[in-house]
Amino acid sequence: MQLNFPIFPEQASSVAGQVDALYLFLVLITTFFSLLIAALILFFAIKYRRTPERQAEQIHGSTLLEIVWTVIPLGISMVIFVWGAVIYYHMERSPSHPLEVYGVGKQWMWKFQHPGGQREINTLHVPTGRDVKVTMISQDVIHSFFVPAFRIKQDVLPGRYTVAWFHATKPGTYHLFCAEYCGTQHSGMIGSVVVMEPRDYEAWMGGGGSQPLAVTGEKLFSELGCVTCHRADTQGRGPNLVGLYSKPVLLEDGRTVVADENYLRESILQPTAKIVNGFKPIMPTFQGQISDEQLNALVAYVKSLGQQPNPSAGRNMATAAPQP
Ligand code: CUA
């Protein structure tokens, strides 16, 4: 059935088909019961209408009937629950080796930073056939990253990273919307996701000649003086950051936290919030001194240290980025 009136946006990601199938199931179930109930109301209204010769009969409960109308809806809702949960878990769990992009939402635009250092506003270039993870932060209010063709929507918050990921399947240009009312020009906070064949994407990535994000972060790391305390040996006054990313960290108060993006960000902006066991709260805050883009670069740098056992990993990441 090919109508010239698309009810759904294109299916352009790996989860789009799954989301649509579940949605179609919900629509069919709802339609079926709506029609059934409407038909029964009509039928009973006519069949049991008031006539002079008929007397009302009282019915005092029916265990069988009650079991039936409990078990059937329970079964249907459990199908919806399990099906929905499976898709939700799949969509919420970040893939293991994604292409990592950073996004910053602000009134009223989307800014993106690629691992190769390319920066974009209101446009995001990605390749087909690869998991892309977008780690996002807002500079001001709550925004929401919404790409209908990928069937993903993720709130973008000030002060905390949130993540959206997708695996684009079809080259093309797709709408990007802000799906959270964020002020006067909320409706203008739109853009596009350009999905390219891997070869075209590589050409596009190679064209910028920019400095890889992790290298930008590495430079900032020494410019801001972080490097004087966070040394790559055990002699520093601050914790050694090599191999830190995604590992558990024991804190002074006995808690253990995982060194994810939000931990790194918080430790830069509010260093005293979580003191690492064995260290003193001597680090100054960088709140208000560095932009969200610079923070993303610093986080990308520390992450690159986590992936390689040597401090020059930023460069390795740089050369690795444009490979297929
Ligand atoms: Cu940003 Cu609506």
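These numbers were taken from a predicted model, which means no experiment stands behind them.

Engineer: Help me understand unusual backbone geometry, please; the structure alone is not making it clear to me.
Structural biologist: Across the chain, the bulk of peptide bonds are trans and the bulk of non-glycine residues have phi less than zero. A cis geometry characterises the amide bond from Gln107 onward to Trp108, with omega recorded as 0°. As for its position among the elements, Trp108 is in the loop between strand S1 (99-106) and strand S2 (109-113). Despite not being glycine, Arg151 has its phi angle at roughly 60°, a positive value. In this fold, Arg151 is placed in the loop between strand S6 (143-147) and strand S7 (152-156). One non-glycine residue, Ser246, adopts positive backbone phi at about 70°. Summarising the element assignment, Ser246 is placed in the loop between helix H5 (226-229) and strand S11 (248-250). Residue class for Ser246 comes out partly exposed when judged on its relative accessible area of 44%.

Engineer: Can you walk me through helix H6 (residues 261-269) in this structure?
Structural biologist: It helps to recall that an α-helix has 3.6 residues per turn; residues three or four apart then point in one direction. In terms of burial, H6 is largely enclosed, as seven of its nine residues are buried. If you check which residues of H6 are buried, you get Glu261, Tyr263, Leu264, Arg265, Ser267, Ile268 and Leu269.

Engineer: For this particular structure, what's the right way to read the layout of surface pockets?
Structural biologist: Empty pockets left among the atoms are what a rolling probe the size of a water molecule brings to light. A volume near 610 Å³ is recorded for the second largest pocket. Taken together, 33 residues form the lining of the second largest pocket, with His230, Pro239, Ser267, Pro271 and Met283 sitting closest to its centre. Of all the secondary structure elements, the ones that give two or more residues to the lining of the second largest pocket are H5, H6 and helix H7 (292-307). When residues in the lining of the second largest pocket are grouped by element, the largest group, four residues, is from H6. Of the residues that constitute the lining of the second largest pocket, the class distribution is 23 nonpolar, seven polar and three charged.

About the cut-offs
- Residues numbered from 1 in each chain as written.
- Predicted model: local features only at pLDDT ≥ 70, side-chain atom pairs only at ≥ 80, totals over all residues.
- Heavy atoms only, no water.
- Helix = DSSP H or I, 4+ residues; strand = E, 2+ residues; numbered from the N terminus.
- Buried < 20%, exposed > 50% of the residue type's maximum accessible area, 1.4 Å probe, protein only.
- 1 Å grid on protein atoms, 1.4 Å probe; cavity = no way out; pocket = protein on both sides within 12 Å on 5 of 7 lines; lining within 4 Å.
- Points joined across faces, edges and corners; volume = space filled by probe spheres on them.
- Nonpolar A, V, L, I, M, F, W, Y, C, P; charged D, E, K, R; others polar.

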